[in-house]
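Next come the chains, spelled out residue by residue.
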Amino acid sequence: MAANFLDENSIESIYDEMQAVYLNDNRPWIIGYSGGKDSTVCTELTFRMLMRLPKEKRIKPVYIVSSDTLIENPVILNFLNYNIKKINESAKELDLPVEAIVVQPESTNTYWTNIIGKGYPTPKSIQYRWCTERLKIKPSNDFIKKQLEKEDVVVILGVRKDESIARKARIEKREIEGYLLTPHKTLRSKNKLAYVYTPIVDFTTADVWDVLVNSNENTVPTPDDIFDHPATSWGTDTMELFNLYLKGTGDSGECPFIADESTAKSSCGNSRFGCWICTVVKEDKSLNGFIDSGHDELKPLVEFRKWILENRDIPENRKMHKRNGAVIKRDGRIMMGPFTFEARKKILIKLLETQIEMQKFYPELELITLDELKAINDIWDDEEDLTSTTLLKIYKEVIGKDLPWAEYKKPMFDPSTLDIVNQKCSEYKVDTDLFSKLLIDSNKFKHFSNNTKLKNSVNKILNQQWLHQDIVEKIEEESSKELNYED
């Protein structure tokens, strides 16, 4: 068992080290704050270090940056937002150069925009998970890269060797012996670099809780422990955070603010404070833990997650080719591609119905935002919705009111024309999605004086692999026969 760092070292030694790093240069600090215990202790230590400094030496900005994936557990999101608010208020009152910021993925690249808009299947395994990089890593990295356009930065990460053997190995591999700062291997802009500083790298879990709850016993708290409501430097009750951990039943980690993809794959998928809709794990221990502890209002989220898992791999809900038309075979079997248009409409309806249920307890909660709905609407218009109004009608039927842009949308074709299209597609056995895409692109480019774009678009659509898969398979079969003959 690892020895506790604070058994053999004073907390003042941490303050002194952090102070030395802070005063050493003019590079701003960026602290990744997820709201979990490790990022909280990093933020707490930074607050304490800054308060020890004379005002004239507090010249370097410190950004506390949180990443909201837009699919956070509502309990955790409320806790996170409250802490962000208190950090900003306290920083102003204490005259500290600290600013707390929440970053989010762009509306065109969110979880629901990709699933309902483009039809991406929900992630099923750590190896084929597309969401972490898009929703968590990219928004935070974009913030850092924006700062790097002006100057070098120091990124403070709450990673610890004590978390796991794999994490310890990765940290030690990145360390440069004798240096407190190590260059980040991917974050850079021209001649500007991001340097990583890990002040609690040698902390055990007991050390973390010792700082946060001031038990001074270097032991992990238990449900029976009683403390005099220890508070963070920004005025929130740290026992509230401790109780959040008690309510979950997963591991003791937290999804990190920023990581390379290899780190994210090994941590976020099993994180206690993960996304409520995560389909990588078989059981969402976090959601179930909160429900078992009395948060019955989260049950609609569990039911939705169960529903989408049950419907994910039904063949009727998936296309048999990728979005670019490619057909993927594995062990002689054609792999399923994105959700069909019909399946995506069902997912949207179910999600909006779940949002109504959740808003009975969290009135301000949006499981899907208006910006996401607009992005999805644009994708559907561009790819397969001949009416241009399908999403508007779904929203009106489920929510009971119009979307802000509803009055500006007009159907591309009238109902009688659409009936004829569907009838002819059925009569001549033409794929409806294919014909819809051809009509949409023809309409899109019809006013261009040069028809090159239209020709290129039509050729691209008609030359997709799935349309000619029977020919491809015959060629493959003949090639196989020739090879066998030669052998």
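Right, let's walk through the structure included here. (Residues numbered from 1 in each chain as written. Predicted model: local features only at pLDDT ≥ 70, side-chain atom pairs only at ≥ 80, totals over all residues. Heavy atoms only, no water.)

Its location among the elements puts Cys131 in helix H6 (residues 131–148). Taking C-alpha positions, Cys131 is 9.3 Å from Cys278, a pair spaced 147 residues apart along the chain. Once you skip the residues sitting within four places of it in the chain, Cys131 turns out to touch Tyr111, Pro123 and Lys136. (Helix = DSSP H or I, 4+ residues; strand = E, 2+ residues; numbered from the N terminus. Contact = heavy atoms within 4.5 Å.)

The terminal C-alpha atoms of helix H17 (residues 432–445), which comprises 14 residues, lie 20 Å apart, in line with the 20 Å expected from a rise of 1.5 Å per residue. Every buried residue of H17 is listed here: Leu434, Ser436, Lys437, Leu438, Ile440, Asp441 and Phe445. Its buried side turned inward, H17 meets helix H14 (370–383) and helix H18 (452–462). Here H17 starts with a cap whose side-chain oxygen sits 3.0 Å from the backbone nitrogen of Asp433, and that cap is Asp431. (Expected span 1.5 Å × (residues − 1). Buried < 20%, exposed > 50% of the residue type's maximum accessible area, 1.4 Å probe, protein only. Polar contact = N/O pair within 3.5 Å; in protein donor to acceptor, adjacent residues only side chain to side chain.)

At Leu70, a position not held by glycine, the phi torsion is positive, near 75°. Position of Leu70 relative to the elements: it lies in the loop between strand E2 (62–67) and helix H4 (74–94).

Turning next to the sheet that holds strand E5 (residues 181–189). On the basis of which strands lie adjacent, the open sheet formed by 6 strands has the order E3-E2-E1-E4-E6-E5 and mixed pairing. Only two strands of the sheet have a single neighbouring strand rather than two, namely strand E3 (98–103) and E5. Averaged over neighbouring strand pairs, the angle between their axes works out to 30° when direction is ignored. (Pairing = 2+ DSSP bridges. Axes fitted to C-alpha atoms, helices over the stretch in contact; angles between N-to-C directions.)

Worth remembering: the numbers are spatial, not functional.
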